[in-house]
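Summary of structural features
If you want the building blocks of each chain, they are given just below.
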Amino acid sequence: MSKAPLLQIENLHVRFKSDRTVHAINGLNLHLQEGEMLALLGESGSGKSVTLKTLLRLLPPKRTEIDGTVQVNGTDIMTLSGTRLSAYRGGDVSMVFQEPALALDPVYTIGDQIAETVMRHKSVGRAEARQVALDMLTRVRIPSPERRLKNYPHEMSGGMRQRAMIALALASRPKLLLADEPTTALDATVQIQILLLLRELQREFGMSIIFVTHDIGVAVEISDRVAVMYAGNIVESGSTRDIIKDARHPYTRGLLAANLHGVDRGRRLDTIAGSPPSLETKPDACSFAPRCTEARPQCLRALPPFFAPSPGRQVACNLEEGYSPASHGLTAAPAIAC
Amino acid sequence: MSKTDALSHEADRGGPRQPLILARNLKKHFPVRSGLFNRQTATVHAVDDLSFEVRKGETLGIVGESGCGKSTTARLLIGLMELDDGSIIFDGDILGSDISLKDMRRSVQMVFQDSYASLNPRLTISDTIAFGPKVQGLSDPKDRARHLMARVGLDPNRFAHRYPHELSGGQRQRVNIARALAMSPRLVILDEAVSALDKSVEAQVLNLLTDLRVEFGLTYIFISHDLNVVRYISDRVLVMYLGEVVEIGPVDAIYAKQAHPYTASLFAAMPSMDPDNRTQEPPLAGDPPNPIDPPPGCRFHTRCRFAEHVCRDKRPALAAFGDDPDHLAACHLRDPSSGHSLAGKEIAA
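What comes next is a walk through the structure.

Calculation criteria
- Residues numbered from 1 in each chain as written.
- Chains lettered and ligands numbered in written order.
- Predicted model: local features only at pLDDT ≥ 70, side-chain atom pairs only at ≥ 80, totals over all residues.
- Heavy atoms only, no water.
- Helix = DSSP H or I, 4+ residues; strand = E, 2+ residues; numbered from the N terminus.
- Buried < 20%, exposed > 50% of the residue type's maximum accessible area, 1.4 Å probe, protein only.
- Contact = heavy atoms within 4.5 Å.
- Areas by Shrake-Rupley, 256 points an atom, 1.4 Å probe, with all protein chains shown as cover.
- Lys, Arg positive; Asp, Glu negative; His and termini not counted.
- Charge placed at Lys NZ, Arg CZ, Asp CG, Glu CD.
- Pairing = 2+ DSSP bridges.
- Axes fitted to C-alpha atoms, helices over the stretch in contact; angles between N-to-C directions.
- Buried area = accessible area lost by both parts, 1.4 Å probe.
- Salt bridge = Lys/Arg side-chain N within 4 Å of Asp/Glu carboxyl O.
- Polar contact = N/O pair within 3.5 Å; in protein donor to acceptor, adjacent residues only side chain to side chain.
- Disulfide = S-S within 2.5 Å.
- Core = buried A, V, L, I, M, F, W, Y, C linked by side-chain atoms within 4.5 Å.
- Domains from an automatic or database assignment.
- Phe/Tyr/Trp six-rings, centres within 6.5 Å; stacked < 30°, edge-to-face > 60°.
- Lys NZ or Arg CZ within 6 Å of the ring centre and 35° of its normal.

**Observations regarding the overall build of chain A**
- Looking only at helices and strands, chain A features 12 helices and 11 strands.
- Structurally, chain A occupies a C-alpha span of about 65 × 50 × 45 Å along its principal axes.
- Expressed as a percentage of the 338 residues in chain A, the buried residues total 55%.
- Pairs at least 24 residues apart make up 64% of the contacts formed inside chain A by residues separated by at least 6 positions.
- For chain A, the exposed area adds up to about 14200 Å²; of that, 50% sits on carbon and sulfur atoms.
- The average position of the 39 basic charges and that of the 35 acidic charges among the side chains of chain A differ by 2 Å.

Dropping the structure here:
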């Protein structure tokens, strides 16, 4: 480890309390280095979006119980409040949402919205902020940016709005960009444009990105590293290449098979039987064991530890027990191969 | 196997060679009204002069981007929208004169994308499935419902009395499939029926659809934006762009070599699934144009890198271009007499 990681999540638990309790995140550990592109891959309800919202402190405080530590750039973000929290949100860390039409304010022009963010975070005047807004629209490759500054969100197409959303999120030069399925609502030919744009911008600005997606193909296109989530925890992580070519966890293997890439026509699909757990009780054994064809007795007795089959890999599965345990045992963060 | 089943369907009239559905020059335009007097100010060309056939026992995949008219086509076929022009011929019977909409609807059923919105929240699962047979006066609707629930993998003893909100997305979509089958249809239109499901559940439903097709002798129209899924399930694929067919043909032929530049771009936009060989250039710039006042000539010419004058002036006809009479494309590049400078030449589309 050469440098302290930009983001350090240790043993994070998130519970939602209302009529019933939902254990959304259960002991999540995650490290992210500066300049790293991580894809959080998982199905609905696996806790991908909750992780991102925890990072921005967007979860409703009255109904949410959060344990564990989250450090961004050395600051424990759970201690932030008031002006420091406002400066953190959109300053150090900002977010791109799935539906830009809902995330942008319909009554202000794109230019006004970007300029307001810049004035807030960089304490500059209106004229200078407008200049930054124009520069940002150019950087996200919006054609005729001067004209687009004066556009309202409804005057733009879906792909254009998502570009504007990215310009807004990057206007204050955050160190970490959180992207919550930013291309899911877009058409295929537009999706690939946005993915390539994010890749270019990442190189240009040198920020880190956590990209949440349910589409393994999108994860391959964008990320250096993939963390697969299931039932509120990471079950496997490693370099994108390792995950695609040598998936270890039975859930990851099932997800890859279900992508149908290169599957013969008419051949029966290998499916993962059943559906994900409801998470009303805290998992005390492998959450995937009831659906796993290779489950052993010990899988149902206790949480599986993390094993490290190769450098930079972590797999929470008893099938890997021939390998050495990952560096910190059960609470290990996925190791990082820089 | 599935083919013989579909062809020996008891309701079959025209024999195996007669298409189950023949759609001729379908047209649907929507007026856009605005202003003080609510005058029509523009027209959405949702579907324009669309002709295709659905053969007995096959699965026809329809692909295209949002706004290209996929769902409008499905709604026209099942009579949820009225045609502005054109005709639909169902197994030799012209819809509206030889066969009534009500009679055809018994034979054509649809499964929608939003599994929750397409179920009545106040009906139990078994009432939902039995509703259609009851209305059409079929015998033993309740027994039929229980049998179908078991067939789509929902235990009737556990699920019959539940309501839609008590089910997961995958289970609800199984209910929708059972409801479609309750009428013993010959054609089932699946409009993005698996798109909203998680990948692991999607694979289960695809296996189910494959089994049901064989067992009930069904013909499918499978609308989707996921090219991997379409390739897996379809026999033939129809590619739409701004309300028109740009290419249609056998799935293996189209997936091996795309004849229309738009089809080629769609395929190039698929994620590569290879971390060492990621996509470097987006195949198309910009968003799909608005179907309000689409471009003249070939509608794709505004985004096509091979576009020439002829593409703007003349609308290309959908025609066979090679050895395979089943593989058609609407592109001047594929017509040696079109006047396009690259016409008939081998190009990497």
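Now that the structure has been shown, we can carry on.
**A short note on the sheet that holds strand β8 (residues 208-213) of chain A**
All names here are of chain A.
- The strand order across the open sheet built from seven strands is β6-β7-β8-β3-β9-β10-β11, with neighbouring strands paired in mixed fashion. Two strands lie at the open edges of the sheet, namely β6 (93-96) and β11 (314-315), each paired on one side alone.
- Here four bridges tie β6 to strand β7 (residues 176-180), and the two strands are oriented parallel to one another. Paired with Val 93 across the two strands is Leu 176, which belongs to β7.
- The strands touched by helix α11 (residues 250-258) within the sheet are β3 (37-41), β9 (225-230) and β10 (233-239), with β9 carrying the most contacts at an inclination of about 105 degrees.

**Quick look at the interface of chain B and chain A**
- Taken together, the contact between chain B and chain A spans 40 residues of the former and 46 residues of the latter.
- Interface area for chain B against chain A, summed over the two sides, is near 3700 Å², with a carbon-plus-sulfur share of 50%.
- It is Tyr 232, Met 273 and Arg 278 of chain B in chain B that bury the most area against chain A; as a group they hold 20% of the surface buried on that side.
- Along the contact surface separating chain B from chain A lie five salt bridges.
- Of the charged contacts in the structure, one is a salt bridge between Lys 245 of chain A and Asp 276 of chain B, with a shortest N-O distance of 2.8 Å.
- Here chain B is connected to chain A by 26 residue pairs in polar contact (both at pLDDT 80 or more).
- Mapped by element, the contributors of at least two residues to the side of chain B that touches chain A are α8 (199-216), α9 (227-233), α10 (251-256) and α11 (261-268) of chain B.
- Counting residues per element, the side of chain B that touches chain A draws most heavily on α8 of chain B, at eight residues.

**So, the state of the cysteines**
- Tallied over the full model, the rule gives zero disulfides over all chains.
- Distance from the sulfur of Cys 299 of chain A, which forms no disulfide, to the nearest cysteine sulfur (Cys 286 of chain A) is 5.9 Å.
- No disulfide involves Cys 68 of chain B; its sulfur sits 14 Å from the nearest other cysteine sulfur, which is in Cys 298 of chain B.

**Topic: the environment of Asp 103 of chain B**
Residues and elements named next belong to chain B.
- Mapped onto the secondary structure, Asp 103 falls in helix α3 (residues 101-107).
- Among the residues examined, Asp 103 registers a relative accessible area of 43% and is labelled partly exposed.
- Once the C-alpha coordinates of Asp 103 and Gln 136 are considered, the two residues, 33 residues apart in sequence, prove to be 9.7 Å apart.

**Points about the nonpolar core**
- Grouped together as the largest cluster of nonpolar side chains are 64 residues, with contacts concentrated most on Ile 129, Ile 177, Leu 206 and Phe 222 of chain B.
- Ranked by residues supplied to this core, first place goes to α8 of chain B with seven residues.
- Counting the residues that make up this core, at least three belong to each of domain 1 (2-241) and domain 2 (257-275 + 297-349) of chain B.
- Each residue touching Ile 177 of chain B, except ones within four places of it in the same chain, is listed here: Val 111, Val 152, Val 205, Leu 208, Leu 209 and Leu 212 of chain B.
- Of all hydrophobic cores here, the second largest spans 39 residues; its members include Met 37, Leu 170, Leu 177 and Val 190 of chain A.

**Concerning the sheet that holds strand β5 (residues 93-94) of chain B**
All names here are of chain B.
- Read from one edge to the other, the open sheet built from four strands follows the order β2-β1-β4-β5, with strand pairing classed as antiparallel. On the outer flanks of this sheet lie β2 (39-54) and β5, each paired with one strand and no other.
- As paired elements, strand β1 (residues 21-34) and β2 share 11 bridges and run antiparallel to each other. Across the sheet, Ser 34 pairs through a bridge with Arg 39, a residue of β2.

**Structural notes on the side chain of Ser 94 of chain A**
- Assignment of secondary structure puts Ser 94 of chain A in strand β6.
- Ignoring anything within four residues of it in the chain, the contact list for Ser 94 of chain A reads Ala 169, Pro 174, Leu 176, Leu 177 and Leu 178 of chain A.

**Observations concerning unusual backbone geometry**
Residue and element names in this part refer to chain A.
- Phi at Arg 173 takes a positive value of approximately 50 degrees, unusual for a residue other than glycine.
- With respect to the element layout, Arg 173 can be found in the loop between α7 (158-170) and β7.
- In this structure Arg 173 comes out as partly exposed when scored by relative accessible area, which is 39%.

**Section: the packing of aromatic side chains**
- One pass over the full model with this rule turns up seven aromatic pairs over all chains.
- On the numbers, 5.3 Å between centres and 65 degrees between planes, the contact of Tyr 251 of chain A with Phe 288 of chain A is edge-to-face. With Tyr 251 of chain A in helix α11 and Phe 288 of chain A in the loop between α11 and α12 (297-301), this residue pair connects regions lying 37 residues apart in the sequence. Here the two residues Tyr 251 of chain A and Phe 288 of chain A agree in accessibility, since each one is buried.
- Between Tyr 241 of chain B and Tyr 262 of chain B the ring centres are 4.4 Å apart and the planes differ by 50 degrees, which places this aromatic pair in the tilted class. Here the residue Tyr 241 of chain B occupies a position in strand β9 (residues 236-241), and Tyr 262 of chain B occupies one in helix α11, the gap between them amounting to 21 residues. Taken as a pair, Tyr 241 of chain B and Tyr 262 of chain B share a single burial class, namely buried.
- Three or more aromatic residues joined by ring pairs form one cluster here, namely Tyr 230, Tyr 251 and Phe 288 of chain A.
- Above the face of the Phe 159 of chain B ring, Arg 162 of chain B is positioned so that its terminal group lies 4.7 Å from the ring centre.
- It is Arg 334 of chain B that lies over the ring of Phe 321 of chain B; its NZ or CZ is 5.8 Å from the centre.

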